[in-house]
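What follows is each chain in one-letter form.
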Amino acid sequence: MVVHIVMFKFKDENKAANLLEVKEKLEELVEKIDVLKTIEVGIDFNHSQRAMDLSLYSTFENEADLKAYAVHEEHLKVVELIKAVTIESKVVDYILN
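Here's a quick rundown of the structure. Residue numbering note: each chain is counted from 1, following its sequence as written. With the structure being a predicted model, the display of local features is reserved for residues of pLDDT at least 70 and the display and counting of side-chain atom pairs for 80 or more, all residues being used for whole-chain, interface and lining totals. Each side-chain value is derived from all of the structure's non-hydrogen atoms; neither hydrogens nor water enter the calculation.

1. So, the overall build of the protein
The secondary structure content of the protein amounts to three helices and four strands. As a reference, a globule follows 2.2 Å times the number of residues to the power 0.38, and the radius of gyration itself is taken over C-alpha atoms. A compact globule built from 97 residues should have a C-alpha radius of gyration of about 13 Å, and the protein, at 13 Å, falls within 12% of that. Expressed along its principal axes, the backbone C-alpha trace of the protein runs to roughly 35 × 30 × 20 Å. Counting across all 97 residues of the protein, residues that qualify as buried make up 35%. By the counting scheme adopted, Arg and Lys are positive, Glu and Asp are negative, and His together with the chain ends is not counted. To locate a charge, take atom NZ for lysine, CZ for arginine, CG for aspartate or CD for glutamate. Of the side chains in the protein, 12 bear a positive and 19 a negative charge, and the two mean positions are spaced by 4 Å. Secondary structure elements are taken from DSSP: a helix is a run of H or I of four residues or more, a strand is a run of E of two residues or more, and numbering for both begins at the N terminus. Under the scheme applied here, a residue whose accessible area is under 20% of the maximum for its type counts as buried, over 50% as exposed, and between as partly exposed, the area being computed with a 1.4 Å probe on protein chains only.

2. Considerations on a nonpolar patch on the surface
On the surface, Met1, Val92, Tyr94 and Leu96 cluster together into a nonpolar patch covering about 330 Å² of accessible area. Summarising the element assignment, Val92 is placed in strand β4 (residues 86-95). Like charges are joined within 9 Å and nonpolar side chains (Val, Leu, Ile, Met, Phe, Trp, Tyr) within 5 Å, but only among residues with over 30% relative accessible area and no salt bridge; these make up the patches. Areas reported here follow the Shrake-Rupley algorithm with a probe of radius 1.4 Å; residue values treat only the protein chains shown as occluding. Note on definitions: salt bridges are taken to be side-chain nitrogens of Lys or Arg within 4 Å of carboxyl oxygens of Asp or Glu.

3. Description of the environment of Lys15
Positionally, Lys15 belongs in helix α1 (residues 15-32). In the structure, Lys15 is positioned 38 residues away from Asp53 in sequence and 9.3 Å away in space, judged by C-alpha atoms. In what follows, residue pairs with any heavy atoms lying within 4.5 Å of each other are defined as contacts. Residues within four places of Lys15 in sequence aside, it is in contact with Phe10 and Asp53.

4. Some thoughts on the sheet that holds strand β3 (residues 54-60)
Strand pairing is assigned whenever DSSP detects at least two bridges linking the two strands. Sheet architecture is open: four strands sit in the order β2-β3-β1-β4, paired in antiparallel fashion. What marks the edges here is a single partner per strand, and that holds for β2 (38-43) and β4. Direction aside, neighbouring strands of the sheet carry axes that sit 15° apart on average. Taken together, the nine bridges between strand β1 (residues 2-10) and β4 define a ladder with antiparallel strand orientation. From the neighbouring strand, Val2 faces β4, where its bridge partner is Ile95. The strands touched by helix α2 (residues 63-71) within the sheet are β1, β3 and β4, with β1 carrying the most contacts at an inclination of about 35°. Docked against the sheet, helix α3 (residues 73-85) engages β1 and β4, running at close to 135° with respect to β4. In this description, a line fitted to the C-alpha atoms serves as the axis of each element, helices being fitted only across the stretch in contact, and the angle between N-to-C directions of two axes falls anywhere from 0 to 180 degrees.

5. Topic: α2
Every buried residue of α2 is accounted for by Asp65, Leu66 and Tyr69. Considered in projection along α2, the buried side chains sweep an arc of 100° and stay on one side of the axis. Opposite the buried face of α2, by more than 90 degrees, sit the exposed residues Ala64, Lys67 and Val71. Summarising the contacts, the buried residues of α2 are in contact with β1, α1, β3, α3 and β4. Counting of polar contacts relies on pairs of N or O atoms within 3.5 Å, with two restrictions inside protein: one atom must be capable of donating a hydrogen and the other of accepting it, and residues adjacent in sequence are counted only when both atoms are side-chain atoms. By the N-cap criterion, in which a side-chain oxygen at the helix start approaches the backbone nitrogen of a residue two or three places on, α2 is capped by Asn62, the distance to Ala64 being 3.2 Å. Our arc is simply the arc of the directions from the helix axis toward the C-beta atoms.

As structure tokens, then:
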């Protein structure tokens, strides 16, 4: 199984509304993209200086499925929204043994 984790820092403008919209759109992807096995999306409540605003944890059967997800049109629609409302992102992908 492959794990894909992404964390985002959002722009201050309309931050609360944008966080909720992105969370909803990401969670909907599990119904639209069959290679996406699971997705968990969380909004930070800590607000520390080191914290990111939103994170997603998703799983795939293998690396090929992750690559297919990355270019899937439904995923790309959400990526477009995310790029418009964030200032930074970090990602890690790994194989879960």
